[in-house]
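Observations on chain architecture
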Amino acid sequence: MKSTITALACLVAMSASAEEKVLNLYSARHYQTDEALYANFTRQTGIAINRIEAKEDELLERIRNEGAASPADIFITVDAARLAKADELGLFAPVKSKLLEQRIPAHLRSTDWFAFSTRARVIIYNKETVKSEAVRNYEDLARPALKGQVCSRSGSHPYNLSLLASIIAHQGEAKAEEWARGVVANFARQPKGGDTDQIKAVAAGECGVAISNSYYLVRLLRSDKPEDKKAMERVGIVWPDQRGHGAHINISGGGMLKTAPHKEAAVKFLEYLASDEAQAHFANGNNEWPAVASVKPANPALEGLGQFKADTLPIPLLARNAALAQKIYDRAGWK
Ligand code: FE
């Protein structure tokens, strides 16, 4: 009898420890360089990562459909608007971690999720056809002087939703709508493509101005392809709103799911993402800035962009304004 109990206790202990050695990660980050990041975590902790990568909406749908039986421990994605969606659906569990509170600045986290890297939404212009003085601020993109010159991706894309969300937060709904209408009136073409397509269109002279996330620019700056090098020679980069609130900042981040079966491993993983090593990876692998201020990137192209004033608007505020931003884009005809 005694041996049976011991065997049973042994089994329970084994399954408990086996449980901690796995982490199920649902990731909407689509960067190849993230592989090394996850491999490092497994090397350090012995916790294997099962990763499911898909588009954010698919992953959210999947987590919802799986309900209480979902194997997902962590959901990571890019953009505050998307994190907000998961949060609104009540999918995240609050995480209390001294380490995360110390490492991640207050404006880059909520009680339910944490940003691990930041990117800026910058203005780019064709150096031959547009003067940098004409595009100092986001507001300038709406001025009649730039009629027929602005290229953009869709207004429904989270990157643009979050940008408008920040304008709503700073200037109110009416001003934000005025801005959106002004930009739409300046379109060189109907919105299409991603940020890289806008950069290339500006380089090709199809339009004079566009907005892009900073890491796409650094990616092209680091590219070995002659056509990318040539494109970047033609394009100027402006940090917007340097005399105002600063350049609009967005994030990549994640949180632990309410139904996470491996909560201990999940918190460990979130804490790992805030470690010096993981933070450096974000900066050097995907050309983003570390959320942890003390971590300095070793990425000459990223550092070559120089210092700038970043908007410190709390990221959860962006998330809150995302739905209104979509309504405004719809009204303004920013498809
Ligand atoms: Fe992106």
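Small disclaimer: the values here were computed from a predicted structure and weren't measured.

Concerning helix α11 (residues 263-273)
- All of the buried residues along α11 are Ala-265, Ala-266, Phe-269, Leu-270, Tyr-272 and Leu-273. Taken down its axis, α11 places every buried residue within 160° of arc, on the same side.

Quick word on helix α9 (residues 214-221)
- Taken across its 8 residues, α9 has 6 buried, putting it largely inside the fold.
- Every buried residue of α9 is accounted for by Ser-214, Tyr-215, Tyr-216, Leu-217, Val-218 and Leu-220.

Here we look at the pattern of salt bridges
- Under the counting rule described, the total for this entry stands at 19 salt bridges.
- Here Arg-29 makes a salt bridge to Glu-288, at a shortest N to O gap of 3.3 Å. With a gap of 259 residues between them, Arg-29 in the loop between β1 (22-27) and α2 (34-45) and Glu-288 in the loop between α12 (276-285) and β8 (289-290) connect regions that are remote in the sequence. Note on accessibility: Arg-29 and Glu-288 belong to one class, buried.
- In this structure, a network of salt bridges that share partners links the residues Arg-29, Asp-34, Arg-119 and Glu-288.

Section: the nonpolar core
- Core analysis: the biggest nonpolar cluster contains 57 residues, and Val-135, Leu-164 and Trp-179 have the highest contact counts within it.
- Sorting elements by how many residues they give to this core places helix α6 (residues 158-171) first, with 6 residues.
- A domain-level breakdown of this core finds at least three residues from each of domain 1 (22-118 + 249-296) and domain 2 (119-248 + 310-332).
- With 50 residues, the next largest nonpolar core counts Leu-25, Ile-47, Leu-59 and Ala-165 among its residues.

Structural notes on the packing of aromatic side chains
- Tallying each qualifying case throughout the model produces 12 aromatic pairs.
- Taking 5.7 Å as the distance between ring centres and 35° as the angle between the ring planes, the aromatic pair formed by Trp-179 and Trp-334 counts as tilted. Of this pair, Trp-179 sits in helix α7 (residues 173-185) while Trp-334 sits in the segment after α14 (315-332), and the two are 155 residues apart along the sequence.
- Ring pairing ties together the aromatic residues Tyr-38, Phe-41, Phe-269 and Tyr-272, which thus form one cluster.

With respect to the domain arrangement of the chain
- Domain annotation of the chain identifies domain 1 (22-118 + 249-296) and domain 2 (119-248 + 310-332).
- Contacts between domain 1 and domain 2 engage 23 residues on the former and 24 residues on the latter.
- Taken over both partners, the interface formed by domain 1 and domain 2 buries close to 2000 Å², and the fraction arising from carbon and sulfur atoms is 58%.
- Among the residues domain 1 hides against domain 2, the three largest losses belong to His-107, Ile-249 and Asn-287. Together they make up 37% of the total.
- The closest approach of N and O atoms between Glu-288 and Arg-119, which form a salt bridge, is 2.9 Å.
- Counting every contact that joins domain 1 to domain 2 gives 8 residue pairs in polar contact (both at pLDDT 80 or more).
- Elements represented by at least two residues in the side of domain 1 that touches domain 2 include exactly α4 (80-88), β4 (114-126) and β7 (248-256).
- Its residues placed into classes, the side of domain 1 that touches domain 2 shows 10 nonpolar, 9 polar and 4 charged.

Remarks on the confidence of the model for the chain
- In this model, the chain carries an average pLDDT of 92, and 94% of its residues clear a pLDDT of 70 or more.
- Within the model, the stretch residues 1-18 combines pLDDT values under 50 with 0 contacts to residues more than four positions away or in other chains.

Description of the packing of α2 against α11
- At a closest axis distance of 11 Å, the pairing of α2 and α11 adopts a crossing angle of 120°. Comparing the axis directions of α2 and α11 gives the class oblique. For the crossing formed where α2 meets α11, the hand is right-handed. Between α2 and α11, the residues in contact are Leu-37, Tyr-38, Asn-40, Phe-41 and Gln-44 and Ala-265, Lys-268, Phe-269, Tyr-272 and Leu-273, respectively.
- Residue composition of the contact of α2 with α11, by class: 7 nonpolar, 2 polar and 1 charged.

Some points on the pairing of β1
- Of all the 6 residues making up β1, 5 are buried; the element is thus mostly covered by neighbouring parts of the structure.
- Two elements, β1 and strand β2 (residues 48-53), share 6 bridges in a ladder whose sense is parallel. Each bridged residue has a counterpart across the sheet, and for Ser-27 the counterpart in β2 is Glu-53.
- Where β1 and strand β3 (residues 74-78) come together, 3 bridges link them in parallel fashion. Residue pairing for β3: Leu-25 is matched across the bridge by Ile-74.

Cut-offs and rules
Residues numbered from 1 in each chain as written. Predicted model: local features only at pLDDT ≥ 70, side-chain atom pairs only at ≥ 80, totals over all residues. Heavy atoms only, no water. Buried < 20%, exposed > 50% of the residue type's maximum accessible area, 1.4 Å probe, protein only. Helix = DSSP H or I, 4+ residues; strand = E, 2+ residues; numbered from the N terminus. Arc of directions from axis to C-beta. Salt bridge = Lys/Arg side-chain N within 4 Å of Asp/Glu carboxyl O. Core = buried A, V, L, I, M, F, W, Y, C linked by side-chain atoms within 4.5 Å. Domains from an automatic or database assignment. Phe/Tyr/Trp six-rings, centres within 6.5 Å; stacked < 30°, edge-to-face > 60°. Contact = heavy atoms within 4.5 Å. Buried area = accessible area lost by both parts, 1.4 Å probe. Polar contact = N/O pair within 3.5 Å; in protein donor to acceptor, adjacent residues only side chain to side chain. Nonpolar A, V, L, I, M, F, W, Y, C, P; charged D, E, K, R; others polar. pLDDT = per-residue confidence, 0-100. Axes fitted to C-alpha atoms, helices over the stretch in contact; angles between N-to-C directions. Parallel < 35°, antiparallel > 145°, perpendicular 65-115°, else oblique. Left-handed = near helix turned anticlockwise from the far one by under 90°. Pairing = 2+ DSSP bridges.

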